[in-house]
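# Descriptive analysis of the structure
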Amino acid sequence: ERVNVITARMFPRLNTPEKMGALTQEEMEAEIRDCGLYHAKAKNLLGMCHMLTQRFNSVIPDDIKTLMELPGVGQKTANVIASIIYNIPALAVDTHVFRVSHRLGLAKGKDPLATEKELEKIIPREKWSDAHHWFIWHGRKICKARKPLCRGCVVVEECPFKEKNFE
Ligand code: SF4
């Protein structure tokens, strides 16, 4: 939600890597100060803009490995960009995908990357991008971190999670 507020404010003015990359570290921090970890994020954003203009002709790369060379971009972000912008099948594992897939017994991996590999084995490739959104939506609305709303969950019969909540 916070990022959506910030981008709505920034993007009408700073709508190219050149324009954004021309800011100083202090100016970038002022733009995103209401976001957590703004100091590190400002540094990464500037590094990303400079790399995009200098190495990639201001075009966001279309493969996951190259995307991960951009400052601040890890596996999850690279997967999201590849799948949303370039329609490349990818299954980004964020906190919701991780929690829901583990509660449902679909994955046991200890970290997001291991979980991603497990989910990729059992979900058809053409569904990876949709599944990412389904897990997130379910995690945000129903299978919440603290108190999952198991009473209204459509997969309650199939779910093996031992600490279901029916309050
Ligand atoms: S039954 Fe409860 S724990 Fe299992 S997926 Fe549904 S909301 Fe999550």
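Residues numbered from 1 in each chain as written. Predicted model: local features only at pLDDT ≥ 70, side-chain atom pairs only at ≥ 80, totals over all residues. Heavy atoms only, no water.

### Overview of the site of the ligand
Around the ligand, the surrounding shell consists of Arg-103, Leu-104, His-138, Ile-142, Cys-143, Pro-148, Cys-150, Cys-153, Val-156, Cys-159 and Phe-161. In terms of residue class, the shell around the ligand is made up of 9 nonpolar, 1 polar and 1 charged. (Near = heavy atom within 4 Å. Nonpolar A, V, L, I, M, F, W, Y, C, P; charged D, E, K, R; others polar.)

### A few points about the layout of surface pockets
In this structure, the largest pocket occupies an estimated 1,500 Å³ of space. What lines the largest pocket is a set of 36 residues, among which Val-3, Thr-7, Leu-45, Thr-77 and Ile-81 lie closest to the centre. When residues of the lining of the largest pocket are assigned to their parent elements, the largest contribution, 6 residues, is made by helix H4 (residues 38-55). Per-class residue counts for the lining of the largest pocket are 21 nonpolar, 10 polar and 5 charged. If you count residues domain by domain, the lining of the largest pocket takes at least three from each of domain 1 (2-59) and domain 2 (95-152). (1 Å grid on protein atoms, 1.4 Å probe; cavity = no way out; pocket = protein on both sides within 12 Å on 5 of 7 lines; lining within 4 Å. Points joined across faces, edges and corners; volume = space filled by probe spheres on them. Helix = DSSP H or I, 4+ residues; strand = E, 2+ residues; numbered from the N terminus. Domains from an automatic or database assignment.)

### Details of the side chain of Glu-29
Residue position: Glu-29 is located in helix H3 (residues 25-31). Residues in contact with Glu-29, not counting those within four places in the same chain, are Tyr-38, His-39 and Ala-42. (Contact = heavy atoms within 4.5 Å.)

### Some remarks on empty space enclosed by the protein
This structure, assessed with the given rule, holds 1 cavity of 30 Å³ or more. Reported here for the largest cavity is a volume of approximately 110 Å³. Lining the largest cavity are 15 residues, and of these His-138, Cys-143, Cys-150, Cys-153 and Cys-159 lie nearest its centre. Taken together, the residues of the lining of the largest cavity sort by class into 12 nonpolar, 1 polar and 2 charged.

### Examining the nonpolar core
Judged by nonpolar contacts, Leu-91, Val-93, Val-97, Val-100, Ala-107, Leu-119, Ile-123, Trp-128, Ala-131, Phe-135, Ile-136 and Cys-143 together constitute the single largest core of 12 residues. Of all elements in the fold, only helix H7 (95-103) and helix H9 (128-141) reach the threshold of two or more residues within this core. Residue contributions to this core peak at 4 residues, all from H9. If near-sequence neighbours (up to four positions away) are discounted, Phe-135 is found in contact with His-96, Val-97, Val-100, Ser-101, Leu-106, Leu-119 and Ile-123. One finds Ile-6, Leu-14, Met-28 and Ile-32 within the second-largest nonpolar core, a separate group that totals 11 residues. (Core = buried A, V, L, I, M, F, W, Y, C linked by side-chain atoms within 4.5 Å. Buried < 20%, exposed > 50% of the residue type's maximum accessible area, 1.4 Å probe, protein only.)

### Here's the deal with the side chain of Glu-120
Looking at where Glu-120 falls in the secondary structure, it is placed in helix H8 (residues 112-122). With relative accessibility at 18%, the residue Glu-120 sits in the buried group. In this view, Glu-120 contacts Leu-91 and Trp-128; residues no more than four positions away in its chain are not counted.

### Here we look at the domain arrangement of the protein chain
Partitioning the protein chain into structural domains gives domain 1 (2-59) and domain 2 (95-152). The gap between the C-alpha centroids of domain 1 and domain 2 is 30 Å.

### What to know about the packing of H7 against H9
At a minimum axis separation of 8 Å, H7 and H9 run at an interaxial angle of 80 degrees. Considering the angle they form, H7 stands roughly perpendicular to H9. Here H7 contributes His-96, Val-97, Arg-99, Val-100 and Ser-101 to the contact with H9, which in turn contributes His-132, Phe-135, Ile-136, His-138, Gly-139 and Arg-140. (Axes fitted to C-alpha atoms, helices over the stretch in contact; angles between N-to-C directions. Parallel < 35°, antiparallel > 145°, perpendicular 65-115°, else oblique.)

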